[in-house]
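Breakdown of the fold
Spelled out from the first residue to the last, the chains are:
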Amino acid sequence: MEKKLAELPSSGSFMPTSKAEENLQPPIGLVPQNPASVFSPLSGGLTPSVEAQVDAVQKPLRPTASQSRFQVDVVSEGADGSCTGPQDITEATELGTDERLLSRANFPGTAPSALHAASAPDSLEEAKGRFRVNFVDPSSESSSPDQQVVGNNNLPNEAAVSFQNGGETVMSESSLHSSSGGQPHYYYDTHTNTYYLRTFGHNTIDPVPRIDFYRHTAAQLGEKLLRPTLAELHDELDKEPFEDGFMTGEDTPAEETIAATVVDTTGAVRFGWIKGVLVRCILNIWGVMLFIRLSWVVGQAGIGLAVVIVGMATVVTTITGLSTSAIATNGFVRGGGAYYLISRSLGPEFGGAIGLIFAFANAVAVAMYVVGFSETVVDLLKVNNANMVDEVNDIRIIGAITIVVLLGISVAGMEWEAKAQIVLLGVLILAIINYLIGAFIPLDDKKPKGFFGYSGQIFNENFGPDFRDEQNFFSVFAVFFPAATGILAGANISGDLADPQLAIPKGTLLAILITTIVYAGVAVSVGSCVVRDATGSVNSTVTMNNWSNCTDAACSLGFDFSSCKPAGKCKYGLMNDFQVMSLVSGFSPLIVAGIFSATLSSALASLVSAPKVFQALCKDNIYPGLQMFAVGYGKNNEPLRGYILTFLIGLGFILIGELNVIAPIISNFFLASYALINFSVFHASLAKSPGWRPAFRYYNMWVSLVGAVLCCAVMFVINWWAALLTYVIVLSLYIYVTYKKPDVNWGSSTQALTYLSALQHSIRLTGVEDHVKNFRPQCLVLTGAPSSRPVLLHLVHSFTKNVGMMICGHVHMGPRRQAIKELITNQAKYQRWLIKHKTKSFYAPVFAEDVRDGAQYLMQAAGLGRMRPNTLVVGFKKNWKHTDMKDVDDYINVLHDAFDFQYGIVVIRLKEGLDISHLQGHEDLLASQEKSPGQKDFVLNVDHGRETDADSSKPSSKSASESNTPQKDEEEDGKASTQPLLKKKEPKCPSPLNMVDQKLLEASSRFQKKQGKGTIDVWWLFDDGGLTLLIPYVLTTKKKWKDCRIRVFIGGKINRIDHDRRAMATLLSKFRIDFSDIMVLGDINTKPKKEHIVAFEEMVEPYRLHEDDMEQDAADKIKAEEPWRITDNELEVYKMKTYRQLRLNELIKEHSSTANLIVLSLPVARKGAVSSALYMAWLEALSKDLPPLLLVRGNHQSVLTFYS
């Protein structure tokens, strides 16, 4: 690629630097340049002998979201002071951003000179975690592409640097470095653009606040920028900020994730608040009700109650409008209307439920409005005797043609649809004006039909109610209220609004105000000039014969309509004629045109709203089977598939024609949406989340709650069975979405309220003293990586699930930098792993120098208030004889520390072992075992170099490798991607699974299965407060263990066996713990078999000090250096205790070899008196070759009581 040189205007000079600055090291990620090319900090510029070479240079393009967040320009320098040629520049460019790069820089206050720049916009690439400097300022796109190169002859050598933004730059904190060769080489970088330099007057990569850092995506409002990470600002300069990839743990740069979500919105149509919201809401609210039902409402309820009905409907819609405005101004609003508002506030459960029925309601509403239009057309055809087939089929034919035309307008694009809405609004306004003018022009030929013009007598007569045909106030209200259900028409196209936060509140509330005034004004107007009943006959005038019996307002105006009232045969008047508006109007065809406009505009709005809401619902993948409808087309991302689906639903209901049955359900669906919008505001306010900061201030949480209750009440007023059906549908969808647990995180108020509730209850709990009746085993389990020791996880989860708390402790060791990085990466990853495997537990990682320190940190700091662990659970250190005794000493000291912190202790041992982290793909293997029980041969990638059972709190090699494997943790808009933690990899050299590992794998899932009929043998040898007995009891209350019986073994004397058995039975009965048998062992203190004694002595021989065979000083020195050593005196003093452990092992093998689980009292070694090696040997001798074993020791505070 041909490279051109640019000449920049001279607007400053370099900052002078001190001599000390010349000895600084090169900056991160930059290799020292040619020693012959240098800047001179003393002369204030570059080499003056170099001639400026000027040429046009192509201006770098604005970086896309997938490019670097900082831009790097590649500059090549020549040793002889001349510019490099195109070939040299190309070669330098091909080195990438990791080598030989000079950043584009700006330096204020000095005159730059002799700058040779090579612009290579197409060579920009991901810097893979390194500093990337100087993000191109978007505003610079309009600047002149011509730049200048200025020379300076003060130095013998030169450097080439490209300048922009007028040359205003200074040296950054990391830009003054020197190579090891002794000559100073200065590099200049800058973060984003010189905005920072103008702000603070010096160069730094620490940015000032900027809106682009807070965007979710590179959407139409602007590009998302990534601020420098804390590691980039904080880490030492001699280290790479990203040694092993991206600090976030992602294997894909965040910019690429953003770019994947970007939709090209070039040329997209965006509406303001008038065309986008106000017009749509007015058209939807001014429906057919205004022209053919409002007069009937006035006739039934009277003017006074009619205004009350309009006011009540307005109260509901106004409260909902205020709530909608509050939600819409609490952050950026995307497409989806009511669904988006509710789902982002209350979460996917309510949002998914209401979104589906709201989209369906809009789709069916299309059919309702089209049928209303078709009925009006058919009535006109009937008057002119122009029926096509019959009345029903004519409605179907006209309706089908109409919905096809509306579909064509919608598919043509939002711009055409908006133009059609403007035309329809114009017709509607003309119709209303036509009515108002006609009301002042009473004609004689209209008087027989009840229209007399404005009259105080008619007003007085029509002011009160006159309910007929079993109507009442609420039934009339139910008829009118659907006229008000159009306030979300603007919000439903929120994705097509230029500024939803401004347009939705302004347009919605103004539309409610205008339509309310018109509804109330028309109600008062029509009630003041039209009587309730009229015959339509010109002969119904007042005569001398009937004057005395005529008392109506019409009588004073010269007409007597009393002849038709008793029989109910009046054809005209407010009560009988739905075409009163046409009668009153000055030009009746305009009223018909208004009816057409009202029906078609409402149908068109619903036809657009339903696909938009449905598309937003499908994009969020709440219902996976509907994903195909998430696809959008064109510059406006039009949901064409949604249009087709809405068209088919509407056409189907038009052909069915049973809209009188479905209409109440649709109205209730809309009301359910309104209720949840109001409840969302109340819920969000109640949660007191700092993120709830609506820019719209005119709302109140209690008013919103009242609005939600009113919506629910109106649902029953309209139709009680439709309301119940709506509740059932919403509840069913809510349960379904809750069960499916969609993988999204929108920061809903449900989360906020859950947190607030948990916080308040936790604080309240701290003021309550512990009581023995409320004791729960709250376990701190040193699992390491939770996936590496599933037996620990499953067994502890068996007795803590829904009973107590479990915390999985993970001690990260090793180099501090790497360990902390793994800790941060694993925090969210392993918590998600626990959730995915339905394990109710917390994951708590810590960094420490060794296991003991880490365990101490966890025991002191884990938990919150009363919700703190009281029991430490560890795995038995099976490989203790083959590992460093320092690790064994730490392991035993962890147990001592637990007792010091007043913890109970549980040590779990399986003879097969616990740690399966060295087996890759073990989860898939276990799954295949369950599917094919007879299959025995498996091929796995086995790490033979790893000890199978290291200490349970150490991070395994598997977990370390997982920590270094980057994963994508979060997608745009809060969607958390639940990727499998253990990545499936094809083994390079597969090897057959040996028998030991096969048994280990089988044992790892032992406690996930139902245990069947068996026994839990409790060897309660020492009273520790009851924890040894409580854990097996809790286990038997669980589904997997409920068939197991508890057998209790205790120590006793030969001559008191019966007495001790009865005493224990009495105690267990008082504790209300069922047991199947009690066995008293009178021979515990019998000497064990000789071969077991010999085997024990051989086991401890390598760890003995043998102080009797050496000088005292030498023995003391060795003991001080290796405190775990066993002294001869120690062995002699604790000989009987050693024999007891050996004897207990013999008895357990004799009595409990077939038990499903053995729970045994853990022996306690006195701290400082019993060495770690001897205590470890006791535990080994006691638990060797036994079924699954729990060594339990409480903290000697009662956890059981028989008092009520």
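Above this text is the structure in question.
Here's a quick rundown of the structure. Just so it is clear, the model here is predicted, and its values are computed rather than measured.

1. Observations regarding the side chain of Thr825
- Tracing the sequence through the fold places Thr825 in helix H24 (residues 816-836).
- The class of Thr825 is buried, set by a relative accessible area of 11%.
- At 2.9 Å, the side chain of Thr825 forms a polar contact with the backbone oxygen of Lys821.

2. Thoughts on helix H20 (residues 701-718)
- The end-to-end C-alpha distance of H20, which contains 18 residues, comes to 26 Å, matching closely the 26 Å that a straight helix rising 1.5 Å per residue would cover.
- Among the residues of H20, those classed as buried are Met701, Ser704, Gly707, Ala708, Cys711, Val714, Met715 and Ile718. Viewed end-on, H20 has its buried residues packed into an arc of 135°, placing them on one side of the element. In H20, those exposed residues whose orientation departs by more than 90 degrees from the buried face are Trp702 and Val709.
- Sitting at the amino-terminal end of H20 is Asn700, which places a side-chain oxygen 2.8 Å from the backbone nitrogen of Trp702.

3. A few points about the packing of aromatic side chains
- This model, assessed by the stated rule, comprises 26 aromatic pairs.
- When the centroid spacing of 5.8 Å and the interplanar angle of 10° are considered together, the rings of Tyr623 and Tyr736 count as stacked. A residue pair is termed long-range when its members are at least 10 positions apart, and Tyr623 in the loop between helix H17 (588-619) and helix H18 (640-656) and Tyr736 in helix H21 (residues 720-740) qualify at 113 residues.
- Given the relative accessible area of 35%, Tyr736 is considered partly exposed.
- Within the aromatic cluster, the residues linked to one another by ring pairs are Phe360, Phe653 and Phe669.
- Taking NZ or CZ as reference, Arg293 lies 4.2 Å from the ring centre of Phe578, over its face.
- The ring centre of Phe1202 lies 5.5 Å from the NZ or CZ of Lys1070, which sits over that ring.

4. Observations regarding helix H25 (residues 851-861)
- When we look at burial in H25, the residues that qualify are Val851, Gly854, Ala855, Gln856, Leu858 and Met859.
- On the buried face of H25, the contacting elements are strand S3 (779-782), strand S4 (806-812), strand S5 (842-847), strand S6 (871-875) and helix H26 (885-900).
- Just downstream of H25 lies Gly863, where phi reads positive at about 90°.

5. Concerning the environment of Thr750
- On the secondary structure map, Thr750 appears in helix H22 (residues 749-766).
- Those residues in contact with Thr750, other than ones at most four positions away along the chain, are Ser345, Leu346 and His683.
- Here Leu346 takes part through its backbone oxygen, which lies 2.7 Å from a polar atom of the side chain of Thr750.

Basis of the calculations
- Residues numbered from 1 in each chain as written.
- Predicted model: local features only at pLDDT ≥ 70, side-chain atom pairs only at ≥ 80, totals over all residues.
- Heavy atoms only, no water.
- Helix = DSSP H or I, 4+ residues; strand = E, 2+ residues; numbered from the N terminus.
- Buried < 20%, exposed > 50% of the residue type's maximum accessible area, 1.4 Å probe, protein only.
- Polar contact = N/O pair within 3.5 Å; in protein donor to acceptor, adjacent residues only side chain to side chain.
- Expected span 1.5 Å × (residues − 1).
- Arc of directions from axis to C-beta.
- Phe/Tyr/Trp six-rings, centres within 6.5 Å; stacked < 30°, edge-to-face > 60°.
- Lys NZ or Arg CZ within 6 Å of the ring centre and 35° of its normal.
- Contact = heavy atoms within 4.5 Å.

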